[in-house]
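# Fold and contact review
So the chains spell out like this:
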Amino acid sequence: MDTRKTGSEGEERVTLERAVRLLLDHCSIIAETERCSVLDCTGRILADDVYAKGDQPPFDRSPVDGYACRSCDITDASSENPVYLEVVEEIDAGSWPTRAVGSGQAARIMTGAPIPAGADCCIYQEKTDYGETCVAVFQGCQQHGNYCFRGEDIQAGTAVLKRGTRLTYVEAGILAGLGLCEVTVYRKIRAAVLASGDELTEPGQPLQPGKIYDSNLYFLAVRLRELGIEVPVCRRVPDSEAEMAEALGDACQKADLVITTGGVSVGKRDIMHQALAMAGARRLFWKILIKPGMPTIGSVLNGTPVISLSGNPFGALADFELLCRPAFESMTGDSFYAPRMRNAILSRGFLKSSPSRRFLRGRFENGEVWIPEVKKHASGILSSMAGCNCLVDISAGTERIEAGESVTICDLSLDR
Ligand SMILES: Nc1nc2c(c(=O)[nH]1)N[C@H]1C(S)=C(S)[C@@H](COP(=O)(O)OP(=O)(O)OC[C@H]3O[C@@H](n4cnc5c(N)ncnc54)[C@H](O)[C@@H]3O)O[C@H]1N2
Ligand code: MOO
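All values reported here derive from a predicted model rather than from experimental measurement.

Here we take up the overall build of the protein. Scanning the protein from terminus to terminus reveals seven helices and 24 strands. A compact globule built from 416 residues should have a C-alpha radius of gyration of about 22 Å, whereas the protein, at 31 Å, is more than 25% larger. Along the three orthogonal principal directions, the C-alpha set of the protein runs to about 100 × 50 × 40 Å. Within the protein, contacts between residues separated by at least 24 positions form 70% of all contacts whose residues are at least 6 apart in sequence. Only carbon and sulfur atoms are counted for the fraction: they give 49% of the accessible area of the protein, which is about 19300 Å². Between the averaged position of the 45 positive side-chain charges in the protein and that of its 55 negative side-chain charges there is a distance of 10 Å.

Below is the structure:
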């Protein structure tokens, strides 16, 4: 049966929002967890609340290099009338005081060193004569001046980081500061990538007549990895329905989402329709009312969503962002993956009509978005995407859009 023409399975010609909705019905949240080294935690999502076992800092400490003493001893100290204190010991960072500071006494103290009992302030050494056994103090200091309290950063028992937090270098520092070298995180999303097309040649191999190098497999795998997603399957499959059906079956065992490119249109060798049917996939939709990537197919195979993107590299790139990112958000509950829509002012016009909704590549900076010249927007062209960091969303029925007009963009950059 030619599943392309019947339209009996799944919806045809859906809006982008409808396509996303249909896919999300088949995306389940990833609940499996694993231990992860704090050194490798970037982009991982905490699976448990993290509590502080102890106080941070674990003791009252000096924030200055100088002298710890009693504030009441130096109330009237000035350069004209220095107060002289007996220096009873030297306390370095990493050591522990051996005696209390009494009236008329001080301890030489370094930044980060524990404040000895009896002392209630620390004086900058620049406000003294740097005395070793007896120090002249030239300035007063209030009680608890230059004094860091135990637990002032984090108190023991506090929930410092909440489950669901996306970890960055900042959390890595906080976790390490709590003495943790490993944390429990959700496992990474797994996405499989299959590229179809007999014309495809592996980069590095000589190019035969009629062949082209495979770019889709590479940019998809690299993008997935930069989004923190594992790619357990990444392979080219010849234009054989049976081979693709087998590859799909294998991929959906290993991944939370299967992404394919090519073979989704109406040509004789557009094998994805038949391959999906042979594998036992159920079609959710075919054709999205957008350009590029209009002929995209959404299906579900053994409970795993399959997104079959167009072979045209820019079509595949744009639709990957628009369809897969919401799926990743739904699998993790992490808004990091959500397409980020913003407003921007177009700095160069796009003087071509857009009967259907269109996504253009662009570079967004300081509230303005620059787009390449019209002829560089074809869905088979990838090179003009270099340096671009967003997709410009042009509504269906737009005749032309002039420089200076406000547009909606989907920000593809990874910074928040
Ligand atoms: N008669 C019609 N022809 C086409 C229609 C149509 O409605 N009627 N739609 C066009 C549109 S729009 C698109 S988009 C493409 C979709 O094509 P497929 O998804 O079936 O993709 P292919 O034919 O396999 O490839 C399209 C193009 O991209 C190149 N390609 C494929 N894979 C890769 C890869 N991994 N790396 C780099 N380049 C790749 C391929 O060689 C083709 O040039 O159909 C239109 N046709
Ligand atoms: O829908 Mo296609 O990717 O424009 O050429």
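Around ligand 1, the surrounding shell holds 19 residues, and the nearest of these are Glu-199, Asp-214, Val-264, Ser-265 and Gly-311. Between a nitrogen atom of ligand 1 and a main-chain N or O atom of Ser-215, the distance comes to 3.0 Å. A distance of 3.3 Å is found between a nitrogen atom of ligand 1 and a backbone nitrogen or oxygen belonging to Asn-216. Across the complex, the protein chains shield 66% of the 880 Å² of accessible surface that ligand 1 would expose by itself. For the shell around ligand 1, a count of residues per class yields seven nonpolar, nine polar and three charged.

As a further point, take the sheet that holds strand 5 (residues 83-91). As a general point, the strands of a sheet are linked pairwise by backbone hydrogen bonds and lie either parallel or antiparallel. Overall, mixed pairing links the five strands, which are arranged 7-4-6-5-8 in an open sheet. Each having just a single partner strand, strand 7 (121-124) and strand 8 (134-137) make up the two edges of the open sheet. Each strand of the sheet is rotated relative to its neighbour by a mean of 40°, with strand direction disregarded. As paired strands, strand 5 and strand 8 are joined by four bridges and run antiparallel to one another. Within strand 8, the residue paired with Val-83 across the bridge is Val-137.

Here we take up the UniProt feature "domain: MoaB/Mog" (unreviewed entry) in the protein. The sites that UniProt annotates as "domain: MoaB/Mog" (unreviewed entry) are residues 192-330. As a span, residues 192-330 carries 37% helix and 27% strand, and end to end its C-alpha atoms are 17 Å apart.

Before going further, it helps to examine the site of ligand 2. Near ligand 2, the surroundings consist of Lys-291, Pro-292, Gly-293, Met-294, Pro-295, Ser-310, Asn-312, Gly-315 and Ser-379. For ligand 2, an oxygen atom lies 2.7 Å from a polar atom in the backbone of Met-294. Contact between ligand 2 and Ser-379: an oxygen atom at 2.6 Å from a side-chain N or O atom of the residue. Within the shell around ligand 2, the residues separate by chemical class into three nonpolar, five polar and one charged.

In this section: the pattern of salt bridges. Applying the stated criterion to the full structure yields 22 salt bridges. We note a salt bridge from Glu-11 to Arg-18, for which the minimum N-O separation is 2.6 Å. Notably, a salt bridge pairs Arg-187 with Glu-32, separated by 3.1 Å at the nearest N-O pair. Residue Arg-187 is located in the loop between strand 10 (182-186) and strand 11 (191-196), and its partner Glu-32 is located in the loop between helix 2 (16-24) and strand 2 (33-37); the two are separated by 155 residues in the primary sequence.

So, about the environment of Ser-379. On the secondary structure map, Ser-379 appears in the loop between strand 22 (368-370) and strand 23 (390-394). Taking C-alpha positions, Ser-379 is 6.5 Å from Pro-313, a pair spaced 66 residues apart along the chain. Residues contacting Ser-379, with those up to four places away along its chain left out, are Pro-292, Asn-312, Pro-313, Phe-314 and Gly-315. For Ser-379, the side chain forms a polar contact with the side chain of Asn-312, separated by 3.1 Å.

Let us look at the sheet that holds strand 18 (residues 297-301). Taken in spatial order, the seven strands line up as 1-16-18-19-15-11-14 in an open sheet, and their pairing is mixed. A strand with exactly one partner marks an edge of an open sheet, and here the two such strands are strand 1 (11-14) and strand 14 (234-237). Direction aside, the axes of adjacent strands within the sheet are offset by 20° on average.

Rules used in this analysis
Residues numbered from 1 in each chain as written. Chains lettered and ligands numbered in written order. Predicted model: local features only at pLDDT ≥ 70, side-chain atom pairs only at ≥ 80, totals over all residues. Heavy atoms only, no water. Helix = DSSP H or I, 4+ residues; strand = E, 2+ residues; numbered from the N terminus. Rg over C-alpha atoms; globule rule 2.2 N^0.38 Å. Contact = heavy atoms within 4.5 Å. Areas by Shrake-Rupley, 256 points an atom, 1.4 Å probe, with all protein chains shown as cover. Lys, Arg positive; Asp, Glu negative; His and termini not counted. Charge placed at Lys NZ, Arg CZ, Asp CG, Glu CD. Near = heavy atom within 4 Å. Polar contact = N/O pair within 3.5 Å; in protein donor to acceptor, adjacent residues only side chain to side chain. Nonpolar A, V, L, I, M, F, W, Y, C, P; charged D, E, K, R; others polar. Pairing = 2+ DSSP bridges. Axes fitted to C-alpha atoms, helices over the stretch in contact; angles between N-to-C directions. UniProt positions renumbered as here; feature names shortened; annotations may be inferred. Salt bridge = Lys/Arg side-chain N within 4 Å of Asp/Glu carboxyl O.

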